[in-house]
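Take a look at the letters that make up each chain.
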Amino acid sequence: MAAPIKYTAVGLFLAIIADLSGLVHLDDEFEGSRTLTLEHSFTIDGNAIFSKRGTVVIRSLKGNKAHFTPASDFTREDINLLKKASSQKGLYQLRVPVKEGSQQYVSTFIPACALYESSLNDQLTINFDQSGEVLGLSVVTTPGICVGLNVPASNFSDWKTTVEVMQTVSGPVPDTQTYIDKMNRDKVEKEKGGQNDNRSFFGKYWMYIVPVVILMMIATSQDPNAGGGGR
Amino acid sequence: MSAQWKEIMLVINFLFIPTVWCLYEDQMGLFDWKQDFVGKVEYLHWDQSPAAMGKRLFVGTEKNVVASINAYNGSLAWRRVFEESVRGRVDRLLYQTNILISVLAGGRFVRSWQMGTSLLLWETSLLADDSIRASAVFTSREKADSFLVVTAHALYNIKTNDGKKIWETNLPKSDTANRWFIGVNEDDTYALVGVTPETDVVMATVNQEGTVISQNSVPAPWINDDTSCQIVKGSYFVCYVPSKQALQVLRLSGGKNFISTSLRDLGFEATSETSIEIPSTGVTGFETEIILRVSRNHMSVLTIEGNSLKIVKNMPQVSAVQIVENEDTSYIITLQKSLKEPSVSITGYELKSGQESAELSQKIPFANSHGLPLKVNVMMFTRRRDSKIGCKVAILSEDDALQVIQKPGRVSWRREEALADILAIEMVDLPVSENQAKFEDEFGSHDDVFVMFIKRLKAQLSQLQSFVIKMVERLQGLRHPAPTLSDEDIDQEEEEVEEEEDLIRDEFNLHKVIVAVTKAGKIFGIRSQTGKIVWQHYLPDLSPFDKYNRQTMLLFVQRTTAHFPNPPQCAILGKNKRTGNALIFTINPALGVTIAGTPPNGLDLGYKVVQASLLNEVDEHFLKGIILMDTQGKIHVYPESVQISSSLPSLYLHLTDLDTNIITGYRIVNTNDKGLKADEVWNINLQKSQQTITQVVCKRAIEHVHSQGRVLGDRSVLYKYLNPNLMAVVAEGEEPPSPGTHKGPSKFFSIYLVDGVTGHIVFHVNHKRCHGPINTVHSENWVVYSYFSEKHRRHEIAVLEMFEGKEQSNSTAFSSLSPPPQPLVLRQSYIFSSPLSAMATTVTEKGLTNKNIIISLKFGGLLSLPKALLDPRRPAMPSQESMEEGVIPYIPEIPIHTEAIINYNRTLSRVDGIYTGPAGLESTSLILTYGLDMFYTRVMPSKMFDVLKEDFDYVLIGSILFIMILVSILTQKLAAKRALSRAWK
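Computed from a prediction, not measured in an experiment: that's the story for all the values here. (Residues numbered from 1 in each chain as written. Chains lettered and ligands numbered in written order. Predicted model: local features only at pLDDT ≥ 70, side-chain atom pairs only at ≥ 80, totals over all residues. Heavy atoms only, no water.)

1. Side note on the pattern of salt bridges
All names here are of chain B. Worth spelling out the cut-off: The term salt bridge refers to a pairing of a side-chain nitrogen on Lys or Arg with a carboxyl oxygen on Asp or Glu at a separation within 4 Å. The numbering of helices and of strands both runs from the N terminus, where a helix is a DSSP run of H or I of at least 4 residues and a strand a run of E of at least 2.
Tallying each qualifying case throughout the model produces 35 salt bridges over all chains. In this structure, Arg296 engages Glu398 in a salt bridge whose closest nitrogen and oxygen atoms are separated by 2.7 Å. With Arg296 in the loop between strand E23 (290-295) and strand E24 (298-305) and Glu398 in the loop between strand E31 (389-397) and strand E32 (401-405), the pair connects residues that are 102 residues apart, well separated along the chain. Residues participating in the shared-partner salt-bridge network are Arg710, Glu801, Lys867, Asp871, Arg873 and Glu885.

Laid out in structure tokens, this is it:
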């Protein structure tokens, strides 16, 4: 999980490097170093107008390495739009193209108030399949619930965004090998146990046999007395 | 150390071997019932053999079944179920005196059956293409010693007694023709007509030695696979062309082109049902007349004289016709449904003279719920006593039912074969008894004291009244209800009187009404404890939604029985056969009466529906609404009295587009001027280029989850990820063969767990070199699915289980908009040693009982498997902690214990689905499997913890209690006495 990255010169620099590396390793789809344009919209009454929010740079699908670089500052206009959408129970919608430059998008949404009350603290999840195609996008904010807070405008200076990447994992397969290993180990252990205990019958069970024998002896020796008593 | 493990494992194994499911021999059939079906009948023959004349019926059906039905009571004498795929398709069922031959899969399997026992006498395999239906006919009308089969490749003449090929001939144009018709000429040559769709027909004449004497081809651009055609008198080929509304006649010997005769010229008005009728035996070749179906209930018999068509008999109002021969006289048998009363009149005419035969004519009761009779098969015989002719009649009606009349005027039995094709099923509680309902009414309301007092008095008075009535009845003895002829009475005519009274809820709410919606458009209400049909409705216009070759109908329980005095209500949603619009039909499932305001044939909604869902919102009468989305994306609510504005805008819908593999989520909003509207809010793209979505499995709405987490060995709690909006999406695909390696194409499938509100993909997993059919069960916090592993060539079952972790983010409510952190998904897979056809999980009233997975195995068993065996937390190396928790150590194979087969020796063929429903008892879950067979039983996954055992010793417990009380009183007395005497000292 990448820590929230602030919009700094270093970040931009990193993004450029990532961009370049993305170009270099274009055919290495599985590692999937790539850049996706993230667009957003403050939707009121279902009229979505998307504008560029920034780029998501994914450096490694497997290593879950990705981060977000905003395109520009969160302007006063944006703040007003967000406030308006938030007060009118509007939505905050996000989308990324399936491929860079493609007109096919995957999109998601959260209530606009959730973004407003979290003061731009959101967490993106982008899902990829095993060949590196984008499947879906989702977003959550912290906190995720709207309680009707009034957030000062100073909180909206920059995005506190983390990006998570999820790739399709391979399904489980019946684990026969471990089980067979375990069986073998048990067998070996049993054999070992059997070798240890190669004492004679008497050697093993003398503690049971001796009391029985003593008891029988007592019983037989008492018998004539008891008989005599009865007479 | 290891010995200790073994012991523990042994103990655990014993714990999980379900001893309670085993039945004692005398309990067979006590809690369960099974019904066998054959499916919609395509070929029907009366047994004409001298030994068992008219005692049996032989049928071949759409469900790939050949069966023999006992003609006296309708029971199955034997049934042969063939493969479900095209390899089992019954193309022809030939019958003559002592020979019964089935031609399967385009002629690939030709089998002769011993008629009494269904033993296979011989089998032969022909060179065939199973995508093309074979035609077959005996070489002569009576006592044939060979028969002809035409496959995609050649014409075969096969001996009936041993299946040896006498000869085979290649036919002209056999590479393009995909339908063949055979006719037998009077001069014992065979006329063959091959149809190449949208191009031409080819005619060939073959002599008895198997050489093609003549051949000719005639262009016929109007002909296609559905065109109904027939060879008449062995020398004419007749087709009906719907686009031209005309009959086309071709003379087979030297005909150069088709001669068209418009239906108008014959005096008929063409309808969409107009076609040439295939006889109920399904075998053609000897016809001299054409039976033309003009409309649903207008038939006409035509013949050809000198190249022109002539009407032999025109029969408006008649819906089923058969031409049958008895001792050299041909008769036309017609069936006419009465418009006024539920009855059908059967009339026989002599074909030549057109005279009505009084001996054949009769009137039988015929309920409206059967629709119209469509086909009839009459077995005529001349009685020896008085040399009068008599007949036995088998009728196939629009609702796929088969009925047989043994004695004139009365239906001996009927088989509701529509039940072999159930598309939607629900179990509905029975209503409470009248007195109990009054109590509910009394305590449910919040009236003032005076009104409540009056109610109390009234309730007690009515109790007294019913008591008195009962006593009087008991004194008078049983009375039979007065006979009146109405639709319902016909159905209950044969049922015993005693059963009619108890359609009320039992003590533990174990008895229910099963509502089944079938492909034929018939809806049944079935008593769950006996399997008897309580009510039935036939809707002629109702047909299933049919998209991507998947047939679905929807059944919603809009109101349960819990809201007295409002009656329960179910809604059936399907497609209107004629208009293509959505058709909705509402019914009271307990009594089977249509809800007031619903048209008797269902309400056409006037738009096509792409998505429908039951709402949680109720109107003032506790009726749940149904939300519907039409093709324009407009949202409708049925009934309109349900107001959903209070739950807006937190109502979401999703649509899955199989053409693009894009799932789109919508939020429903209320626009002030245009009504309800669906706004697109999310979409995910599941890569159509690689795979296709095959299933979307949501959780059941009636499911309750009792426990929020699992207690681990160290007494901490692992919380379940319980997202009610989660759906499991299954997509199957095929990887192209990679050029580098020498592997062929390999199939794979993926499972996506998607939140239906936000489109968040919670988890996705991919199985390589595995393929379906995939059975998925989605419940609580887990998904169980079965698949076939190509790599290991075995069936496997995998389980995904989701946990939030050791802390719960929101313990009061779940919101998809502020979801808990990414769940921990545990997964494990097991070998399953038997192929399976369907899976379901048990449901109980409160979700307290353990879950069992009910699996129907292809060999006919129904396995009840504890979910604990499909637990991804089963450790490979058991530790102290896992033992304390009671997790079973991992064993890669799931055992199939014979004790866990809950249908004991009653083999279930071709199970389409398993329905599970809760009973009033928490321990019990009701199970109904449907498909070719219906089987009902109940299971107790955690044993019967809430019911005393049958052999519970009441006397012993009672007497001990009594003695204890006695002793305590005595000792008290004694103690008091003693204390007193001590005080005196």
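2. Some remarks on the confidence of the model for chain A
Residues and elements named next belong to chain A. What counts, and what does not: The predictor's confidence in any single residue is recorded as pLDDT, a number from 0 to 100. Any two residues whose heavy atoms approach within 4.5 Å at even a single point are treated as in contact.
Looking at chain A, the pLDDT average stands at 75 and 80% of residues meet or exceed 70. Predicted confidence in chain A is weakest over helix H1 (residues 9-24), with a mean pLDDT of 35, and strongest over strand E5 (residues 105-111), with 89. Below a pLDDT of 50 lies the segment residues 1-30, which in the model reaches 28 contacts outside its immediate sequence neighbourhood of four places, other chains included. Note on residues 224-231: pLDDT under 50 across the span, and 0 contacts to partners over four residues away in sequence or across chains.

3. Topic: the sheet that holds strand E48 (residues 635-638) of chain B
Residues and elements named next belong to chain B. We count it as follows: Only when DSSP finds a minimum of two bridges between them are two strands counted as paired. Convention adopted: a line fitted to C-alpha atoms gives each axis, helices being fitted over their contacting stretch, and angles between N-to-C directions are expressed from 0 to 180 degrees.
Across the sheet, 3 strands lie side by side as E46-E47-E48; this open sheet has antiparallel pairing. Of all the strands in the sheet, the pair left with one neighbour each is strand E46 (609-618) and E48. The average undirected angle you get between the axes of adjacent strands in this sheet is 25°. In this sheet, strand E47 (residues 624-630) lies alongside E46 in antiparallel orientation, the contact comprising 6 bridges. Opposite Val609, over in E47, you have Asp630 as the bridge partner.

4. Focus: the state of the cysteines
Residues and elements named next belong to chain B. Put simply, the test is: What counts as a disulfide here is a pair of cysteine sulfur atoms lying within 2.5 Å.
By the definition in use, this model includes 1 disulfide over all chains. A sulfur-sulfur separation of 2.1 Å characterises the disulfide bridge that pairs Cys229 with Cys239. Residues Cys229 and Cys239 are joined by a disulfide whose S-S torsion is about 105°; by sign, that bridge is right-handed. Taken as a pair, Cys229 in strand E18 (residues 228-232) and Cys239 in strand E19 (residues 236-241) lie far apart in primary sequence, 10 residues in all. With no disulfide of its own, Cys570 lies 20 Å from the sulfur of Cys698, the closest cysteine sulfur.

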